[in-house]
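Here's the letter readout for the chains.
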Amino acid sequence: MNAIENSIREIAKQLLCEKKVESIIGYEQGRIPLRSTPCFVDRVEDVQRLVWNATCDINLAKYLTGRKGKTAIIAKGCDARSIAVLLNEKQIAREKVFIIGVPCTGIVDRKKVEEKLEGKEIFDAAVESETIILRGEGYQSTLPKKDLLCNSCVTCKYKNPPVCDVFVGTKTLESTEVDEFSQILPIESESAEKRWEHFKEELGNCLRCYACRNVCPLCYCKVCFVDQTTPEWFGRTNELSDTMIYHLVRAFHLAGRCVNCGACSRACPMNIDLSELMKKIEKIVKERFNHEAGISAEKTPPLGEFKMNDPQEFIK
Amino acid sequence: MVEKSKISKLIKDLSKEHEVFAPVKRKGLVSFKRVSEGDETCLGFQNTKKPPKEILFPQTQTLFTFKVDKNGVEIDESPTTNRKMVLLGVRPCDARSFALVDRFFSSGEFKDPYYLRMRENAAIVGLACSHPSSTCFCMSVGGSPIGKEGADILLVDLGDSYMMETISEKGEKLIGKLPWLKDAQNIDMEKTRKLRVEAEKAVQSKVPVEGLSKKLDGIFEDSLWERLREKCVNCAVCTYLCPTCYCFDILDEEADGGRRVRIWDSCQFSFFTAQGSGHNPRPSGKEMMRQRVMHKFNYCVKNFGENFCVGCGRCVRECPANLDLREVIEKISSAEIR
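A. Structural context of the overall build of chain A. The number of helices and strands found in chain A is 10 helices and 8 strands. The C-alpha atoms of chain A give 20 Å as radius of gyration, which agrees with the globular expectation for 316 residues (20 Å, within 12%). The buried share among the 316 residues of chain A stands at 54%. At a minimum sequence separation of 6, the contacts of chain A that also span at least 24 residues come to 67%. Split by element, the accessible area of chain A, about 15,100 Å² in all, is 53% carbon and sulfur. Placing the 46 positive and 46 negative side-chain charges of chain A at their respective mean positions leaves the two points 4 Å apart.

Right, here's the structure in full:
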């Protein structure tokens, strides 16, 4: 058990004992190697289940909306940013949530690990600070962690939560050298035709399982436009025109709100890196409106507010 | 027997009369694709991300096209084809899933012509598992890593070549068209027998499904479901990647003409049971989760005499929240009925 886990458990215990919260949303060890799973703790004896490591991939802010009673939540940088957006958009009340901030050094992308192992089965895995040790039938390999992080973590600028009630551990050094948009440079510089081909190929694999939407803390619409039937905006097939509309409209809906936590990419069973599309939109919003999502709960996303002096330069 | 170096020849010969589908690796993803001679197949994989069910039960399937005008309705059923297919390299769990899904599509008063036509025209060439994954639990639900159910031929990996065992008449016909195959020797049979024992032993994951159906009868209203579903995000990963999930919806794309399409649907969507009145009998994740478990391990047992789970472990591996079906079953099995 690491020092951060220890502190998390102590804080969780205290919060429950002092009845400051009704439950804690955190992570516990998953049943398969390199996986963690959300853990809902409302009894002191269960705080021992809480863990924190580089496999804590799901964005727990997802589970905050609609919860009754005050809830404490373990939040890494991107989770806390999602919570800030939810607070700004009044989806949760500030007094109903207690944010336990944790420093993040990046989440392991299990798809990159699988790719590296070329389909070899993992029997067990240990994630150290710099390396990942994997063991399976007839092999043991130690791989550098930095090569196996999620794309969104590689270019992350907010590894520590910008909003929290208590911070656990030591702050991770934020990188200043990494170009946060380097991931999209190769595709961005292509011609429109090539970009179209690229997204056609990527999204052509989409199953329409909506894992990307359903793990996204900011996809909280009571009825998503894809589920509306009167009118039915577009078809429910997995043909390209339908899947493309789904992903593009969802991307627009998240413009200026997405914090690029990468939960959608991690959830996709078909290995589609949706954060690539979102990163481009993030860049446009930053260039046009000088806005970064989720840095504070007070700042409203540019597409969520109205100003009389909006330049509206696109209207000719 | 077929040597591994001759797989391409096998595909070439089968392609003369059939469309051949086999696992192919593209951008790190192993999935069933139409292949022809010379295409690189990936038979050394654990299992494909998506089960091969989509070949016989496509996610989007045009049933017919139609036109409505003042003279009435005109229907064109030509989109449905009678193409002959070979599904090569289907793992025993997935092969068995066809045997199960067949019961759904062919039972009762109305048979499903769209599925059954494709199924009849498809030969399943299974591929035994020498190294089952840690998430495989086929042995708990009536399958085996070297199981034959649902397959017409079974390939067993014996190192440099595959032993081909014919299982059905369809399989025999297929083999008959490949006169260049070598006969298996006693030593190959012996190797296969040994492999079976080893592979079955290698399925470590066990799930307690004995008596589960009866148990489920008693816990429909139990508060347990609320706990079990807490981390479920209600996406369709588990159902869409499940080889035995067969739920679908049917849509007419336009009122005055167009296509009638069948698409996959999932009990994990709130839309699945939403009624025209606005009422939804399964309003929350709790009911949706319960439906998935009940359907697989209770209703199907009553209707078809089998659990509709083949233990492939896809839902276990791919769940974004790592909600593990094995754990769900364990919790249900050990729950006390009040």
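After that view of the structure, there is still more to cover.
B. Looking closely at the interface of chain B and chain A. Listed by partner, the interface residues are 45 residues for chain B and 42 residues for chain A. Each partner contributes to the roughly 3,700 Å² buried at the junction of chain B and chain A, and carbon and sulfur atoms together form 48% of this total. For the pair chain B and chain A, the number of links is 10 salt bridges. In this structure, Glu330(B) engages Arg31(A) in a salt bridge whose closest nitrogen and oxygen atoms are separated by 3.2 Å. At the junction of chain B with chain A, the criterion picks out 25 residue pairs in polar contact (both at pLDDT 80 or more). Listed by contribution, the elements that provide at least two residues to the side of chain B that touches chain A are helix 9 (237-240), strand 10 (248-252), strand 11 (257-264), helix 11 (314-318) and helix 12 (325-334) of chain B. Ranked by residue count, the leading element in the side of chain B that touches chain A is strand 11 of chain B, at 4 residues. Each residue belonging to the side of chain B that touches chain A can be placed in one class, and the counts come to 18 nonpolar, 10 polar and 17 charged.

C. Main features of the state of the cysteines. All chains considered together, the criterion is met by 0 disulfides over all chains. This cysteine, Cys156(A), is not joined by any disulfide, and Cys78(A) carries the nearest cysteine sulfur, 6.4 Å off. Among the cysteines around Cys312(B), which has no disulfide bond, Cys93(B) carries the closest sulfur, lying 5.3 Å off.

D. The arrangement of the packing of helix 10 (residues 285-304) of chain B against helix 12 of chain B in detail. All names here are of chain B. Two elements in contact, helix 10 and helix 12, have axes separated by 12 Å at closest approach and are oriented at 80°. By the angle class used here, helix 10 and helix 12 are roughly perpendicular. Seen from helix 10, the contacting residues are Met289, Arg292, Val293 and Phe297; seen from helix 12, they are Leu325, Val328, Ile329 and Ile332. Among the residues forming the contact of helix 10 with helix 12, the class breakdown is 7 nonpolar, no polar and 1 charged.

E. Main features of the domain arrangement of chain A. All names here are of chain A. For chain A, the domain assignment lists domain 1 (3-109 + 149-304) and domain 2 (110-148). If you average the C-alpha positions of domain 1 and of domain 2, the two centres end up 24 Å apart. Counting residues at the interface gives 19 residues for domain 1 and 15 residues for domain 2. For the domain 1 and domain 2 pair, buried surface summed over both sides reaches about 1,300 Å², with 54% attributable to carbon and sulfur atoms. Applying the counting rule to domain 1 against domain 2 returns 0 salt bridges. Linking domain 1 with domain 2 are 13 residue pairs in polar contact (both at pLDDT 80 or more), by the criterion used here.

F. Quick look at the pattern of salt bridges. Residue and element names in this part refer to chain A. Using the criterion set out here, one finds 57 salt bridges over all chains in the structure. Residue aspartate 227 is joined to arginine 213 by a salt bridge in which the shortest nitrogen-to-oxygen separation is 3.4 Å. With aspartate 227 in the loop between helix 7 (211-215) and helix 8 (240-253) and arginine 213 in helix 7, this pair connects stretches of sequence that are 14 residues apart. Each member of the pair aspartate 227 and arginine 213 is classed as buried. Shared partners join several salt bridges into a network, and the residues in it are Glu28, Arg43, Glu45, Asp46 and Arg49.

G. Summary view of the environment of Val108(A). Residues and elements named next belong to chain A. Turning to its location among the elements, valine 108 is positioned in the loop between strand 4 (97-101) and helix 3 (110-117). It is 9.4 Å that separates the C-alpha atoms of valine 108 and asparagine 53, two residues lying 55 residues apart in sequence. Beyond its immediate stretch of four places on either side in the chain, valine 108 contacts Ala54, Val113, Val127, Ile132, Lys145, Leu148, Leu149 and Cys150.

H. Expanded view of helix 12 of chain B. The set of residues buried in helix 12 of chain B consists of Leu325(B), Arg326(B), Val328(B), Ile329(B) and Ile332(B). The arc that holds the buried residues of helix 12 of chain B, viewed along the axis, is 160°, so those residues lie on one side.

I. Seen up close, the sheet that holds strand 3 (residues 71-75) of chain A. All names here are of chain A. The strand order across the open sheet built from 5 strands is 2-1-3-4-8, with neighbouring strands paired in mixed fashion. Looking along the sheet, the strands with just one partner apiece sit at the ends: strand 2 (36-41) and strand 8 (166-167). One ladder, built from 5 bridges, connects strand 3 with strand 4; its direction is parallel. Within strand 4, the position partnered with threonine 71 by the bridge is valine 97.

J. Structural context of a nonpolar patch on the surface. Residues and elements named next belong to chain B. Together, Val68, Val73 and Ile75 make up a nonpolar patch on the protein surface, roughly 260 Å² of accessible area in all. Among the structural elements, valine 68 can be located in strand 4 (residues 60-69). The class of valine 68 is partly exposed, set by a relative accessible area of 36%.

K. Just the sheet that holds strand 6 (residues 131-136) of chain A, in detail. Residues and elements named next belong to chain A. Pairing in this open sheet of 3 strands is antiparallel, and the strands run 5-6-7 from one edge to the other. The sheet is open, and its two borders are formed by strand 5 (124-127) and strand 7 (139-144), each paired with just one other strand. Neighbouring strand axes in the sheet, compared pairwise and without regard to direction, differ in orientation by 15° on average. One ladder, built from 4 bridges, connects strand 5 with strand 6; its direction is antiparallel. Within strand 6, the residue paired with alanine 126 across the bridge is isoleucine 133.

L. The arrangement of a negative patch on the surface in detail. Residues and elements named next belong to chain B. Side chains of Asp69, Glu74, Asp76 and Glu77 sit close together on the surface and give a patch of like negative charge. If you trace the backbone, aspartate 76 turns up in strand 5 (residues 72-76). Looking at aspartate 76, the relative accessible area reads 36%, which means it is partly exposed.

M. Inspection of the domain arrangement of chain B at higher detail. Residues and elements named next belong to chain B. What the domain assignment reports for chain B is domain 1 (2-58 + 71-202) and domain 2 (212-334). Distance between the C-alpha centres of domain 1 and domain 2: 26 Å. Here domain 1 packs against domain 2, burying approximately 2,600 Å² in sum over the two surfaces, 61% of which is carbon and sulfur. The largest share of the area that domain 1 buries against domain 2 comes from Lys53, Phe57 and Phe137, three residues that together contribute 24% of it. Put simply, domain 1 and domain 2 have 5 salt bridges between them.

Criteria and cut-off values
Residues numbered from 1 in each chain as written. Chains lettered and ligands numbered in written order. Predicted model: local features only at pLDDT ≥ 70, side-chain atom pairs only at ≥ 80, totals over all residues. Heavy atoms only, no water. Helix = DSSP H or I, 4+ residues; strand = E, 2+ residues; numbered from the N terminus. Rg over C-alpha atoms; globule rule 2.2 N^0.38 Å. Buried < 20%, exposed > 50% of the residue type's maximum accessible area, 1.4 Å probe, protein only. Contact = heavy atoms within 4.5 Å. Areas by Shrake-Rupley, 256 points an atom, 1.4 Å probe, with all protein chains shown as cover. Lys, Arg positive; Asp, Glu negative; His and termini not counted. Charge placed at Lys NZ, Arg CZ, Asp CG, Glu CD. Buried area = accessible area lost by both parts, 1.4 Å probe. Salt bridge = Lys/Arg side-chain N within 4 Å of Asp/Glu carboxyl O. Polar contact = N/O pair within 3.5 Å; in protein donor to acceptor, adjacent residues only side chain to side chain. Nonpolar A, V, L, I, M, F, W, Y, C, P; charged D, E, K, R; others polar. Disulfide = S-S within 2.5 Å. Axes fitted to C-alpha atoms, helices over the stretch in contact; angles between N-to-C directions. Parallel < 35°, antiparallel > 145°, perpendicular 65-115°, else oblique. Domains from an automatic or database assignment. Arc of directions from axis to C-beta. Pairing = 2+ DSSP bridges. Patch = residues over 30% accessible without salt bridge, like charges linked within 9 Å, V, L, I, M, F, W, Y side chains within 5 Å.

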